[in-house]
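Analysis of the macromolecular model
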Protein chains: 2
Amino acid sequence: MARAASTKGPTRIQREKTEAILEAALEVFATYGYRGSTLDQIAAKSGISKPNILYYFDGKETIHAKLLARLLETWLEPLEHLSDAGDPVDEICAYVGRKLAMSRDYPRESRLFANEVLQGAPRILDELAGPLKTLTDKKSALIQSWINAGKIKAIDPHHLIFSIWATTQHYADFDVQVRAVLSDKADARFEQAAEFLDTMYRATLTP
Amino acid sequence: MARAASTKGPTRIQREKTEAILEAALEVFATYGYRGSTLDQIAAKSGISKPNILYYFDGKETIHAKLLARLLETWLEPLEHLSDAGDPVDEICAYVGRKLAMSRDYPRESRLFANEVLQGAPRILDELAGPLKTLTDKKSALIQSWINAGKIKAIDPHHLIFSIWATTQHYADFDVQVRAVLSDKADARFEQAAEFLDTMYRATLTP
DNA sequence: GTCTATACTGTGATAGAC
DNA sequence: GTCTATCACAGTATAGAC
C-alpha cells in the first residue's frame, strides 16, 4: 500500500491521487457495473496512469470494495434517523424526503448500489442479510407500534419501506428514462417528485 | 444469417438452437449487463459452442439487440391496456397488479431492462424518448381527465406512473435485497406486495 | 451446418528505468 | 513515486476442415 516512510501518514499528494482515483472509479463502476468497467476507463477519466493506479490500490477489486464500503456507511443513515420523536406521518414523510435528496445529490452512489444488487449482490450479500436486515426489522417494529397505537393506517411495514426505497431511488437509477419521458419538464423532476411522494405517503398513512 | 436454402424458413433445429442461445443470453445479460457479459458464459450456459453461436448470430451486439427488441414489444403492453372502461381507481390498481405479475413471471427481462437504463440506455434511448414518452403522455392525459372529472384525487400523473414502475419492478430488480431482508417470510413476498400496493394506491387515488 | 484451430484485440497486472 | 514497456490471459471473431 502507498504510505510515506515517515509516521505522519499519507501526504497531501497521496490523498489527492487516491481521491481522484476513487472519484473516477465511482463514475465508471456506477455506469458499467463491476465486470463491465476497466482500469483503462478509470485511468482515462482520472488522468492517472494505469500502473500508477495500481501503485495506490492493490487491484480493480480493491478499488470497488473501497467504494462499496464508503457507500454502505452513509446509505443506511437516513433510515437510522427514523425515530418516534415527532408525528409518525411526518417522520415517515421526512424520511422519504431525505432519501429522495440522496438520489438527487448522490446519483452515482445509488447506481453503484443498484448495479451491485441487480447482479446478485455478490460482494455485499452479508451486509444485506446482516446490518440491513437488522435495521429494517427494527424500524418495521417501530412502524408497527405506530399502527398498533392507531397513529397510522395498517399497512405492511417492510413493504412500506421497500416502496420508499423503490420510489426514491428510481429518480437516480432510472434518471435517463425519467428525463426522456418528462423531456422539457425534466428540470423540475425532483421538486415534482417530492410533492407527489409527500401526497402519496400522507394519503397512505394518515388514519 | 442462418437460413435453410429451401423456401421453408428455419428448420426445427435452427429454431431450437436460436431459442437456446437467446434463453442463455437473457440470463447472462440480465445478470452482468452488456459489457460484463461474455460469449463464453452464453456458450457454457446454452451448451452451444462459441463459433456455433456466431454462426446463428452476427455477434454479441446482435444477440443483445434481439433480446431488447423482444422485451420492448411486451414491456409496454400492461400500460397500453389502461383504459377508461371501468372505475378509474380499479383500472389503475389492475395495472399495478399486471405490472407486479410481470416482475414475478419475467424477472430476467426486468433486470435486462434495468441494466440497460442504469447504464444510460445507450441502445434504447430512442425507444424511451419516442414510443415510451408518447404512450406515457397519452395515459397521463387519461389520468388527468379522471382528475378533472373528480373521479380520483389530484396527483401528478407522470409521477404516479413512475412510482408504479418503481414499486413493481423493485421486486424483480432488487429481489436479492428483498429476500435478504424478509428472510423466512420471503416466499410470500409477491402476495404481500400485491396487498400492500393495492392498499397504497387506493388510498392515494380514492377521492 | 457444425466443429477445431487460430488470429487479433483489450484488459489486468508487473518489471525496471528514472 | 511515477513512468514506459511489456507480459499473460481472456475476449470476440474468423478460416477452413469435416
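Now for a quick tour of the structure. (Residues numbered from 1 in each chain as written. Chains lettered and ligands numbered in written order. Predicted model: local features only at pLDDT ≥ 70, side-chain atom pairs only at ≥ 80, totals over all residues. Heavy atoms only, no water.)

1. Quick look at the protein's contact with DNA strand C
In the vicinity of DNA strand C lie 19 residues, with A:Leu39, A:Lys60, B:Gln14, B:Asn52 and B:Tyr56 positioned nearest. Across the atoms of DNA strand C situated within 4 Å of the protein, the share located in sugar and phosphate is 70%. Between B:Arg35 and DNA strand C, the recorded distance is 3.3 Å, taken from a side-chain N or O atom to a phosphate oxygen. One of the side-chain nitrogen or oxygen atoms of B:Asn52 is found 2.6 Å away from a phosphate oxygen of DNA strand C. Every element with two or more residues in the surface near DNA strand C is listed here: helix H2 (39-46) and helix H3 (50-56) of chain A together with helix H1 (12-36) and helix H3 (50-56) of chain B. With four residues, H3(B) is the largest single contributor of residues to the surface near DNA strand C. When grouped by side-chain class, the residues that make up the surface near DNA strand C number eight nonpolar, six polar and five charged. (Near = heavy atom within 4 Å. Polar contact = N/O pair within 3.5 Å; in protein donor to acceptor, adjacent residues only side chain to side chain. Helix = DSSP H or I, 4+ residues; strand = E, 2+ residues; numbered from the N terminus. Nonpolar A, V, L, I, M, F, W, Y, C, P; charged D, E, K, R; others polar.)

2. Here we look at the interface of chain A and chain B
Contacts between the two partners involve 56 residues from chain A, matched on the other side by 56 residues from chain B. Run the count over chain A and chain B and you get zero salt bridges. Run the count over chain A and chain B and you get ten residue pairs in polar contact (both at pLDDT 80 or more). When residues of the side of chain A that touches chain B are traced back to their parent elements, those giving at least two are helix H1 (12-36), helix H7 (107-118), helix H8 (125-148), helix H9 (157-173), helix H10 (175-182) and helix H11 (189-205) of chain A. It is H9(A) that contributes the most residues to the side of chain A that touches chain B, twelve residues altogether. For the side of chain A that touches chain B, the residue count by class is 28 nonpolar, 19 polar and nine charged. (Contact = heavy atoms within 4.5 Å. Salt bridge = Lys/Arg side-chain N within 4 Å of Asp/Glu carboxyl O.)

3. A word on the packing of aromatic side chains
Under the criterion given, the structure shown has twelve aromatic pairs over all chains. Here the aromatic rings of A:Tyr171 and B:Phe162 are separated by 6.2 Å at their centres, their planes lie at 90°, and the arrangement is edge-to-face. On the criterion of chain membership, the pair formed by A:Tyr171 in helix H9 and B:Phe162 in helix H9 (residues 157-173) is interchain, its members lying in two chains. On the basis of relative accessibility, which here comes to 3%, the residue A:Tyr171 falls in the buried class. Judged by centre distance (5.8 Å) and plane angle (55°), the ring pair of B:Phe162 and B:Trp165 falls under tilted. Here the residue B:Phe162 and the residue B:Trp165 both occupy positions in helix H9, the gap between them amounting to three residues, near one helical turn. Among the residues examined, B:Trp165 registers a relative accessible area of 5% and is labelled buried. Following the ring pairs from residue to residue traces out a cluster consisting of A:Phe162, A:Trp165, B:Tyr171 and B:Phe190. When the ring centre of B:Tyr32 is taken as origin, the NZ or CZ atom of A:Arg35, which lies over that ring, is 5.1 Å away. (Phe/Tyr/Trp six-rings, centres within 6.5 Å; stacked < 30°, edge-to-face > 60°. Buried < 20%, exposed > 50% of the residue type's maximum accessible area, 1.4 Å probe, protein only. Lys NZ or Arg CZ within 6 Å of the ring centre and 35° of its normal.)

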